[in-house]
Amino acid sequence: MNSQQEVNVLQINQSKVKMASNILQNKVAKHKIDFVLAKELRDKKEKLYGLSQKWNVISSKNNKAAILTTITSQRIAIIAIKNNTVAIKIQAHQFPITIISAYNSPYDEIQNTLQEIQDIFTSIPTEHVIMGTDLNGRNTIWGYKDNNTRGTAILDFILANNLFIINTQNEPPNFTNNDGRYGWPDLTICSQNLTSEIKE
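Rules behind the numbers
- Residues numbered from 1 in each chain as written.
- Predicted model: local features only at pLDDT ≥ 70, side-chain atom pairs only at ≥ 80, totals over all residues.
- Heavy atoms only, no water.
- Pairing = 2+ DSSP bridges.
- Helix = DSSP H or I, 4+ residues; strand = E, 2+ residues; numbered from the N terminus.
- Axes fitted to C-alpha atoms, helices over the stretch in contact; angles between N-to-C directions.
- Contact = heavy atoms within 4.5 Å.
- Buried < 20%, exposed > 50% of the residue type's maximum accessible area, 1.4 Å probe, protein only.
- 1 Å grid on protein atoms, 1.4 Å probe; cavity = no way out; pocket = protein on both sides within 12 Å on 5 of 7 lines; lining within 4 Å.
- Points joined across faces, edges and corners; volume = space filled by probe spheres on them.
- Nonpolar A, V, L, I, M, F, W, Y, C, P; charged D, E, K, R; others polar.
- Phe/Tyr/Trp six-rings, centres within 6.5 Å; stacked < 30°, edge-to-face > 60°.
- Salt bridge = Lys/Arg side-chain N within 4 Å of Asp/Glu carboxyl O.

Undergrad: Looking at this structure, how should I read the sheet that holds strand β6 (residues 85-92)?
TA: Paired through backbone hydrogen bonds, the strands of a sheet run either parallel or antiparallel to each other. Taken in spatial order, the six strands make up an open sheet running β5-β6-β7-β8-β12-β9, and their pairing is mixed. Only two strands of the sheet have a single partner each, and these edge strands are β5 (77-81) and β9 (163-165). Taken over all neighbouring pairs, the strand axes of this sheet differ in orientation by 20° on average, direction set aside. In this sheet, strand β12 (residues 186-191) lies alongside strand β8 (residues 128-134) in antiparallel orientation, the contact comprising five bridges. Within the sheet, the bridge partner assigned to Ile 130 lies in β12 and is Cys 190. Packed on one face of the sheet, helix α3 (residues 149-160) meets β9 and β12 and runs near 130° to β9.

Undergrad: Explain the environment of Ala 77 to me, please; I cannot follow it from the model alone.
TA: Mapped onto the elements of the fold, Ala 77 is located in strand β5. We classify Ala 77 as partly exposed; its relative accessible area is 35%. With 10 residues separating them in the primary sequence, Ala 77 and Ala 87 have C-alpha atoms 8.8 Å apart. Among residues more than four places away in sequence, those in contact with Ala 77 are Ala 87, Ile 88 and Lys 89.

Undergrad: What is the right way to look at the layout of surface pockets in this model?
TA: Left-over empty space is what a probe sized like a water molecule reveals as it rolls over the atoms. The calculated volume of the second largest pocket comes to roughly 170 Å³. What lines the second largest pocket is Phe 121, Ile 124, Pro 125, Thr 126, Glu 127, Val 129, Asn 161, Asn 162, Leu 163, Ser 191, Gln 192 and Asn 193. Considering only residue class, the lining of the second largest pocket consists of five nonpolar, six polar and one charged.

Undergrad: Just checking my understanding: could you explain the packing of aromatic side chains for this structure?
TA: Aromatic ring pairs: the centre-centre distance and the angle between the two ring planes describe each pair. Overall, the coordinates contain one aromatic pair when judged by the stated rule. Taking 5.9 Å as the distance between ring centres and 20° as the angle between the ring planes, the aromatic pair formed by Phe 121 and Phe 157 counts as stacked. Of the two residues, Phe 121 is situated in helix α2 (residues 110-123) and Phe 157 in helix α3; the sequence distance between them amounts to 36 residues. Residue classification places Phe 121 among the buried positions, given a relative accessible area of 9%. Given the relative accessible area of 10%, Phe 157 is considered buried.

Undergrad: Can you walk me through unusual backbone geometry in this structure?
TA: Outside of glycine, negative phi angles account for most residues, and trans bonds account for most peptide bonds. Despite not being glycine, Lys 32 shows a phi value in the positive range, around 50°. Secondary-structure assignment places Lys 32 in the loop between α1 (18-31) and β2 (35-39). A positive phi angle, near 60°, is found at Asn 63, a position not held by glycine. Looking at the element boundaries, Asn 63 is found in the loop between β3 (56-59) and β4 (65-69).

Undergrad: Honestly, the pattern of salt bridges in this entry has me stumped. Any pointers?
TA: Once their charged atoms are close, side chains differing in charge can pair, the charge on each being opposite to the other. If you walk through the whole model with that rule in mind, you get two salt bridges. One salt bridge in this structure joins Lys 89 and Glu 127, with 3.1 Å as the shortest N-O distance. One end of the pair, Lys 89, is in strand β6; the other, Glu 127, is in the loop between α2 and β8, with 38 residues separating them in the sequence. The partly exposed category is assigned to Lys 89, whose relative accessible area is 22%. Judged by its relative accessible area of 21%, Glu 127 is partly exposed. One salt bridge connects Arg 138 with Asp 146, and the closest N-O pair in it is separated by 2.8 Å. Arg 138 sits in the partly exposed class, given a relative accessible area of 32%.

Undergrad: Where do I start with the sheet that holds strand β1 (residues 9-13) in this structure?
TA: With mixed pairing, four strands are arranged side by side in an open sheet as β1-β2-β4-β3. The open sheet has two edge strands, β1 and β3, and neither has a second partner. Sheet twist, expressed as the mean angle between neighbouring strand axes with direction ignored, is 20°.

If you want it as structure tokens, here you go:
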């Protein structure tokens, strides 16, 4: 956090690709990032996924989602470490913010991860939340040409919890690969009470 108490958050899905670590280092330096909401991290034996040792890493139990930060652990409260989800609380401006990182494999049941997130929300019913997710759901609201059952469940969850999707429909894909597939699985979401504070 800088002197104006802004909180700079970056979401990245490394997809276990080494080049993503290089991109991450460059973005962190350029934008003075405080928190990285990371998905599909590279081998944990590597040096903090390409970042220096000054970064603290708080991972979900399956190591698929993590929050990386340079903020000292004394200024962070870890509020949940679940199988697919990790959440911390920080103090920013005049109010606390809960930061969540979540990943759901396309081969796993989406309701398990949504329930993990719901349990966190239940424990912080009125607080400000920012969340970076890769839930692998398709919905036209965040860029796909069609919806699938998983995408509908995710949207229902977002609406039921009065959340705001920061992604827009006209954004370029946030997932591409060499065989020509692409998509928008990564969502950045916040509570409605944070929308006036967000700077993209």
